[in-house]
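Structure at a glance
Chain by chain, the residues:
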Amino acid sequence: MDHTSAEFNPWLNAAKRFETAADRLHLDDGMRKILKTPAKELTVAIPVMLDDGRIEVFTGYRVQHSIARGPAKGGIRYAPDVSLDEVRALASWMTWKCAVVNLPYGGGKGGVICDPSILSDIELERITRRYTSEILDIIGPEKDIPAPDMNTNDRTMAWIMDTYSMHKRETTTGVVTGKPLDLGGSRGRPEATGRGCLYVTREALKQFGIPQTKARVVVQGFGNVGGMGARLMAKEGFKVVAIIETDGAVYNENGLDIEALLQHRKATGSILDFDGAQNLSREEALFLECDVLLPAAKENVITSETAPKINPKIVCEGANGPTTALADKILADRGIFVIPDILANAGGVTVSYFEWVQDRQGYFWNEKLVNERLEEIMVNSFYDVLRYSKEHKVENRTAAYMLALDRVAFAIKLRGIYA
Ligand code: GLU
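This text gives an overview of the structure that appears in the document. Only a predicted model underlies this, so the values are computations on that prediction, with no experimental measurement involved.

Quick notes on the pattern of salt bridges
Scanning the entire structure with this criterion turns up 34 salt bridges. As a salt-bridge pair, Arg77 and Glu299 come within 3.0 Å of each other at their nearest N and O atoms. Here Glu299 lies in the loop between β10 (289–295) and β11 (311–316) and Arg77 lies in strand β3 (residues 72–79), a separation of 222 residues in the sequence. Of the two residues examined, Arg77 and Glu299, each falls in the buried class. Between Asp291 and Lys313 there is a salt bridge, with the nearest N and O atoms lying 3.1 Å from each other. Of the two residues, Asp291 is situated in strand β10 and Lys313 in strand β11; the sequence distance between them amounts to 22 residues. Residues joined by salt bridges that share partners form a network here, namely Arg17, Glu317, Asp328, Asp341 and Arg397.

Given below as structure tokens:
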């Protein structure tokens, strides 16, 4: 991603939203300085022997934006375009996200600059283990708890858990979340972000009086969040009419068969040329008229250029930072109802929290209980944000930031400043 352009720099985008909310809350200068400055940033070199015998040195980051409300919490992503500014932004979004859904966590994020598509499993394992050992001193179940993010998964978390545990000389499952079920993972965690999107979208549709079975949904991204989100929504009777991926889009006005599309992608490596659907360009699909647009991949999809052309009633931000700050005003002027990322995709970290609680207790819940508790938190948080938005006459994103900033600022006031 091009972080050189100001519109596309996630850290600048995070700062803009922060300032807007801080102004509305009349936060004083000192509190603003504390809230916007990441508490800790670590950059590490990760030397790794590749399968062909060459040595490569990768760069990794772990940023703890805030630990005011509890240990830092947030995923680790592997991608060639990871940058410190991106990790900083993502870490701050975790702080606000955990505060919006009222979890006892601060916010953190990690990243390694690498291209997993050209690395073997064993190379990925070596990178993960060396990265973990480099950040070992700042992570821990009471300090900072990583989780999966883009291009990392339960297997990556198992390696992190194992590396940490080997150093500590005791199995410490609570150091990461998003682990395999047999290693202290939680039921419902893989689906949690998509499921959270489903719950808040359902409430947003009620605001428009649109029945679920009439809702036309366009999903951008078909990975963990988009794939699960589409699958769960289709199961609930939504009409998922288009899926957009990196190489193009597929469309069926009567609703796509998501299970079959997942199978098709597995078999062919692409969603394109799927029976019972028509191929579209990414732009054509993004600009379709629909009830719900679910951007569920990367940052900077709804921009000053695309925001005037999209046609949903509701945008549910499954991804982190899919909308640029410049696009916010365009969406507001067009009356598009935005469920902001720090609320919409909080289902993942919420079930991560459940996983951490279960690990600490050594007692595991069934899936029904996980989903019920997730639904309660997502629905309550949706209405908390909506109420805030009406009371303060601000759009949903600013309302969510205000709610979050207020909660974190309150924790800092209670704790005081240690000197
Ligand atoms: N990576 C996910 C997110 O951005 C989940 C983080 C977590 O579970 O800690 O929210």
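Things to note about the packing of helix α1 (residues 10–25) against helix α3 (residues 84–100)
Between α1 and α3, whose axes approach to 7 Å, the crossing angle comes to 35°. Along the contact surface, α1 presents Pro10, Trp11, Ala14 and Phe18, while α3 presents Asp85, Glu86, Arg88, Ala89, Ser92, Trp93 and Trp96. Of the residues that constitute the contact of α1 with α3, the class distribution is 7 nonpolar, 1 polar and 3 charged.

A short note on the packing of helix α2 (residues 29–36) against helix α14 (residues 396–415)
For the pair α2 and α14, interaxial distance at closest approach is 11 Å and the crossing angle is 105°. Looking at the two axes, α2 sits roughly perpendicular to α14. When α2 is examined against α14, the residues Met31, Ile34 and Leu35 are found in contact with a partner set consisting of Leu405, Val408, Ala409, Ile412 and Lys413. By residue class, the composition of the contact of α2 with α14 is 7 nonpolar, no polar and 1 charged.

Considering the sheet that holds strand β2 (residues 55–66)
Pairing in this open sheet of 5 strands is mixed, and the strands run β1-β2-β4-β3-β5 from one edge to the other. Every interior strand has two partners, whereas the edge strands, β1 (40–49) and β5 (144–148), have only one. Strand after strand, the sheet turns through a mean of 20° between neighbouring axes, direction not considered. Sheet analysis places β3 next to strand β4 (residues 107–113), joined by 4 bridges and oriented parallel. If you follow Ala79 over to β4, its bridge partner there is Ile113. Against the sheet, helix α4 (residues 121–135) engages β1, β2, β3 and β4, with an angle of about 140° to β1.

Some thoughts on the site of the ligand
The full set close to the ligand counts 14 residues, and Lys73, Lys97, Pro148, Asp149 and Ser352 are the nearest of them. Between the ligand and Lys73, the relevant distance is 2.9 Å, taken from an oxygen atom to a side-chain nitrogen or oxygen of the residue. Interatomic distance of 2.8 Å between a side-chain N/O atom of Asp149 and a nitrogen atom of the ligand. For the ligand, whose accessible area on its own is 290 Å², the fraction buried by protein is 94%. At the level of secondary structure, the elements contributing two or more residues to the shell around the ligand comprise β3, α3, β5 and α12 (347–361).

Re the environment of Glu317
Take Glu317: it is sitting in the loop between β11 and α10 (325–333). Among the residues examined, Glu317 registers a relative accessible area of 0% and is labelled buried. With residues up to four places along the chain from it excluded, the contact list for Glu317 reads Pro295, Pro322, Thr323, Val338, Ile339, Pro340, Asp341, Ala344, Asn345 and Arg397. A polar contact is formed between the side chain of Glu317 and the side chain of Thr323, at a distance of 2.5 Å.

Reading guide: rules and limits
Residues numbered from 1 in each chain as written. Predicted model: local features only at pLDDT ≥ 70, side-chain atom pairs only at ≥ 80, totals over all residues. Heavy atoms only, no water. Salt bridge = Lys/Arg side-chain N within 4 Å of Asp/Glu carboxyl O. Helix = DSSP H or I, 4+ residues; strand = E, 2+ residues; numbered from the N terminus. Buried < 20%, exposed > 50% of the residue type's maximum accessible area, 1.4 Å probe, protein only. Axes fitted to C-alpha atoms, helices over the stretch in contact; angles between N-to-C directions. Contact = heavy atoms within 4.5 Å. Nonpolar A, V, L, I, M, F, W, Y, C, P; charged D, E, K, R; others polar. Parallel < 35°, antiparallel > 145°, perpendicular 65-115°, else oblique. Pairing = 2+ DSSP bridges. Near = heavy atom within 4 Å. Polar contact = N/O pair within 3.5 Å; in protein donor to acceptor, adjacent residues only side chain to side chain. Areas by Shrake-Rupley, 256 points an atom, 1.4 Å probe, with all protein chains shown as cover.

Remember that the coordinates give geometry; whether it matters functionally is a separate question.
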